[in-house]
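# An overview of the molecular structure
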Amino acid sequence: TLKKLPQVLSVQILLIALMPMRFMALMPLKPLVVKSSFSLRKKKFVTESNEHKINLLGLSQEGLGDFFQSIGEKPFRARQLVSWIHQRGVTDFDEMTDLSKSLRTRLKETCEVRGLCVLSRQESSDGTCKWLFALPEGGAVETVYIPERDRATLCISSQVGCTLNCRFCYTATQGFQRDLTKHEIISQLWTVYHTLKNEGRLIDGVRPVTNIVMMGM
């Protein structure tokens, strides 16, 4: 757990940049019943990775500032990228119109904004949704969205598998495999948040998600 602390803090920085949240205890989930199939038609999410490019989805605002300094740009560019990527859900650098054309070209050549591929989405009659995200090595992790009248909780995976051996839990039967990277953790929130926002599913008129639970910590 101590080894993961710097990564977790970096992840929390990005969560705070996206929206104000509070953490709460994990609540029991209701059984899910498939109500409809799912596809990301309204938004294009990049899923194929280029190993030679930096995935900006995994960098905190501080990390983005360091990146821009390393290429001779001002650190304030980091705030602009956080706004475009996390608050607006934009992945195409050409749409980031407050950046110079030369910088946008450079970002396209060296960077990407790539979320995890969505394998499936299941939804129950009470609005609870479960997303299944594909991992590069062929595994998958789950993310669960639990809406209520005055709040909506998103349960995010932080590991592949589990160290516990609970007989009732399928994930535990896989054993612990690895910790998720920062971009894999952030991708779950980023994808679900902007998907629900596009669908108009807002709890307080502004946010589709008000609480975060980290599963596997």
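Remember, predicted model here, so these are calculated numbers, not experimental data.

So, how was this worked out
- Every chain is numbered on its own, with residues counted from 1 as its sequence reads.
- Thresholds applied to this predicted model are a pLDDT of at least 70 for local features of residues and 80 or more for the giving and counting of side-chain atom pairs; totals over whole chains, interfaces and linings are not thresholded and use all residues.
- As a rule here, side-chain values cover all heavy atoms of the structure and leave hydrogens and water aside.
- Only DSSP runs of H or I reaching four residues or more are called helices, and only runs of E reaching two or more are called strands; each is numbered from the N terminus.
- The buried label applies to any residue whose accessible area, calculated with a 1.4 Å probe on protein chains only, is under 20% of its type's maximum; exposed applies above 50%, and partly exposed to all values in between.
- All accessible areas in this document rest on Shrake-Rupley with a 1.4 Å probe, and a residue is counted as covered only by the protein chains that are shown.
- Here the axes come from fitting lines to C-alpha atoms, over the contacting stretch only for helices, and the angles between their N-to-C directions go from 0 to 180 degrees.
- In these notes the angle categories are as follows: under 35 degrees is roughly parallel, over 145 is roughly antiparallel, 65 to 115 is roughly perpendicular, and the rest is oblique.
- Any pair of residues with heavy atoms lying within 4.5 Å of one another is described as a contacting pair.
- Three classes are used, and their members are as follows: Ala, Val, Leu, Ile, Met, Phe, Trp, Tyr, Cys and Pro are nonpolar, Asp, Glu, Lys and Arg are charged, and the others, Gly among them, are polar.
- Any carboxyl oxygen of Asp or Glu within 4 Å of a side-chain nitrogen of Lys or Arg constitutes a salt bridge here.
- Two helices that cross are described as forming a left-handed crossing if the nearer one is turned anticlockwise from the farther one by less than a right angle, and a right-handed crossing if clockwise.
- Think of pLDDT as the predictor's per-residue confidence, scored from 0 to 100.
- In this scheme, strands are said to pair when DSSP sees at least two bridges between them.

Looking now at the overall build of the protein. Helix and strand content of the protein: 6 helices and 10 strands. Here the protein, with 217 residues, has 45% of them falling under the buried criterion. Surface accessibility of the protein: about 11800 Å² in total, with carbon and sulfur atoms responsible for 53%.

As for its position among the elements, Gly 89 is in the loop between helix H3 (77-87) and helix H4 (101-110). A residue is classified by how much of its surface remains accessible, and Gly 89, at 4% relative accessible area, is buried. Separated by 104 residues in the primary sequence, Gly 89 and Tyr 193 place their C-alpha atoms 8.9 Å from one another.

With that settled, the discussion passes to the packing of H3 against helix H6 (residues 182-198). The N-to-C vectors of H3 and H6 enclose an angle of 65°; their axes lie 10 Å apart at closest approach. Compared by their axis directions, H3 and H6 come out roughly perpendicular. Every residue of H6 that contacts H3 at Ile 85, His 86 and Gln 87 is listed here: Ile 186, Trp 190, His 194 and Lys 197. Residues of the contact of H3 with H6, tallied by class, amount to 3 nonpolar, 3 polar and 1 charged.

Attention now goes to the pattern of salt bridges. Taken as a whole and judged by the stated rule, the model has 12 salt bridges. A salt bridge links Glu 142 to Lys 130, with the nearest nitrogen and oxygen atoms 3.6 Å apart. Taken as a pair, Glu 142 in strand S6 (residues 140-147) and Lys 130 in strand S5 (residues 129-134) lie far apart in primary sequence, 12 residues in all. Residue classification places Glu 142 among the partly exposed positions, given a relative accessible area of 34%. Close ionic contact of Arg 151 with Glu 148 constitutes a salt bridge, the shortest N to O distance being 3.0 Å. Owing to a relative accessible area of 25%, Arg 151 belongs among the partly exposed residues under this scheme. Judged by relative accessible area, which is 34%, Glu 148 ranks as partly exposed.

Right, let's talk about the packing of helix H2 (residues 61-70) against H3 for a bit. Direction vectors running N to C along H2 and H3 enclose 130°, while the axes themselves pass 8 Å from each other. Of the possible angle classes, the one that applies to H2 and H3 is oblique. Along this stretch, H2 crosses H3, giving a crossing that reads as right-handed. Listed contacts from H3 to Gln 61, Leu 64, Gly 65 and Phe 68 of H2 are Arg 77, Ala 78, Arg 79, Leu 81 and Val 82.

This part covers the confidence of the model for the protein. Close inspection of predicted coordinates is inappropriate for parts of the model with low pLDDT. The share of residues in the protein with pLDDT of 70 or more is 74%, and the mean pLDDT across the chain is 79. Every residue in residues 1-47 is under pLDDT 50, and counting partners more than four places away or in other chains gives 102 contacts.

Our focus in this paragraph is the pairing of strand S4 (residues 117-123). Note that S4 and S5 share 6 bridges and pair antiparallel. Each bridged residue has a counterpart across the sheet, and for Cys 117 the counterpart in S5 is Ala 134. Following S4, the chain reverses through 5 residues before pairing antiparallel with S5; Gly 127 in that reversal takes a positive phi of roughly 95°.

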